[in-house]
Number of protein chains: 2
Amino acid sequence: MNSRENIVNKLKSAGVTPTTQRVEIAQILFARPQHLSAEQILKMVNKGHSTASKATVYNTLGLFAKKGLLREVIVDPTKIFYDSNVSRHFHFFNTDTGVLTDIPVDAIHIDKLPELPQGTESSGIEVIVRIKNS
Amino acid sequence: MNSRENIVNKLKSAGVTPTTQRVEIAQILFARPQHLSAEQILKMVNKGHSTASKATVYNTLGLFAKKGLLREVIVDPTKIFYDSNVSRHFHFFNTDTGVLTDIPVDAIHIDKLPELPQGTESSGIEVIVRIKNS
DNA sequence: TATAAAATTAGACAAAGTCTAGAAAAGCAC
DNA sequence: GTGCTTTTCTAGACTTTGTCTAATTTTATA
C-alpha cells in the first residue's frame, strides 16, 4: 500500500522532489489518516533509520501542505496539526485532552453558504466542533 | 452606551471584580464588536490613561473568555483573536491579509449536526471560511 | 564529470504566551 | 477607619513553536 515506491510516486505526482527526508516524513504521515504536530513528526523521524533536522521537517510540512498532500488544522493555539487525510471532512477538538478527531462530511450538512467579500475567493471551509469531557 | 458605569456592571454581572486594569481593557474591547489580539490590546491599554502589564492583559483576556464576555477565535497559528461579539456568528479569515471578518448566522445554514463522542459535550461550533485575494 | 540549482543542516533568533515571587489593591471583620 | 486575608497586578525570566541564516550536501542537468 504505502511502500516506499508508492510514496515516491505520490510525491512526484504532486511535483515534489522525493528526497530521503521527504520520503521518510511522507511514510510516517501517509501510513494512515492521522493528525500530527511538527514536533511529533520530528521525533518520529529521528527514531527511524534516516534523520531530519527541525528546519527540514517544518519546511517539508509547509511544502506538503502547499502542494495539497496535507491539510493544516488550526484549532490549538499552541501548535498546528497536520492532517494526512485531505478529503473533505470536519473536526471535533476536545479542549480537555487536546485530541482532534474526524467528523465525516455527511455528518454535517451546510445548505447555505455566505457571499464572499469583494475580490476574494474561498480556499476552504472548516467546521470545528469544540467539545469537552462531560 | 459603554460608559465606565455600564462596563463595571457588565463585569460584575459576569462575576468579575472590576479592577482598574480590567475596566480599562473592557472599555477598549466593548467599544464596538471587534477582533483584537492580546498584543494589540496591550499596546492600546498602554496608550491610554492607566496601564497594565503583559501578564495582566493575558490573564484578563483568559478570564473574560472563561466568563463568556469574549470569544477566542483560533484561526491564525501565530496568535489568538479575541472577539468582543459573543453572539452566534461565523468567520471569514483572509490568509493574505490576516484579517478576520464576521459572517452573520443567517448566511450559513447547518441543518444536520454530528453525534458527539461518548462522554463529551459541545462547547461551541465554529465555521471558518478561509479566503484569499483573487 | 563539471556546474548550477535545490535541499538540508545546526544553531541563532523571533514572537506569543506562561510562570514566579514579591508588591499593591481590594474585601472584610471588628 | 484599622488590621488581616485574599485577590490582583507587576517585571522580568522562561518556555515553546516556529523562522531565518549561512554554510554544506545532494540532486539535476548539460
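Residues numbered from 1 in each chain as written. Chains lettered and ligands numbered in written order. Predicted model: local features only at pLDDT ≥ 70, side-chain atom pairs only at ≥ 80, totals over all residues. Heavy atoms only, no water.

## Here we look at the environment of B:Ser13
Residue and element names in this part refer to chain B. Structurally, serine 13 can be placed in helix α1 (residues 4–13). Taking the C-alpha atoms as reference, serine 13 lies 10.0 Å from lysine 67; in sequence the two are 54 residues apart. Reaching out from serine 13, the side chain makes a polar contact with the backbone oxygen of asparagine 9 at a distance of 2.7 Å. (Helix = DSSP H or I, 4+ residues; strand = E, 2+ residues; numbered from the N terminus. Polar contact = N/O pair within 3.5 Å; in protein donor to acceptor, adjacent residues only side chain to side chain.)

## Some points on the protein's contact with DNA strand D
Among the 18 residues in the neighbourhood of DNA strand D, the closest are listed as A:Lys54, A:Thr78, B:Thr19, B:Ser53 and B:Thr56. Each atom of DNA strand D within 4 Å of the protein was assigned to sugar, phosphate or base; sugar and phosphate come to 76%. B:Thr56 is positioned with one of its side-chain polar atoms (N or O) 2.9 Å from a phosphate oxygen of DNA strand D. Where the surface near DNA strand D is concerned, the elements lending two or more residues are α3 (38–47), α4 (54–66) and β3 (79–83) of chain A together with α2 (20–29) and α4 (54–66) of chain B. Here the element with the most residues in the surface near DNA strand D is α4(A); it accounts for three residues. (Near = heavy atom within 4 Å.)

## Describing the sheet that holds strand β1 (residues 35–37) of chain A
Residue and element names in this part refer to chain A. Ordered by their spatial adjacency, three strands build an open sheet running β1-β3-β2, and the pairing between neighbours is antiparallel. The outermost strands of the open sheet, each flanked by one partner alone, are β1 and β2 (71–76). On average, adjacent strands in this sheet sit at an angle of 40° to one another, irrespective of strand direction. Pairing analysis gives four bridges linking β2 to β3, with the strands arranged antiparallel. (Pairing = 2+ DSSP bridges. Axes fitted to C-alpha atoms, helices over the stretch in contact; angles between N-to-C directions.)

## Focus: α4(B)
All names here are of chain B. For α4, built from 13 residues, the straight-helix expectation of 18 Å at 1.5 Å per residue is met to within 8% by its first-to-last C-alpha distance of 18 Å. Every buried residue of α4 is listed here: Val57, Thr60, Leu61, Leu63 and Phe64. For α4, the buried positions fall inside an angular range of 165° around the axis, keeping them on one side. Opposite the packed face of α4, turned more than 90 degrees from it, sit the exposed residues Lys54, Asn59 and Lys66. (Expected span 1.5 Å × (residues − 1). Buried < 20%, exposed > 50% of the residue type's maximum accessible area, 1.4 Å probe, protein only. Arc of directions from axis to C-beta.)

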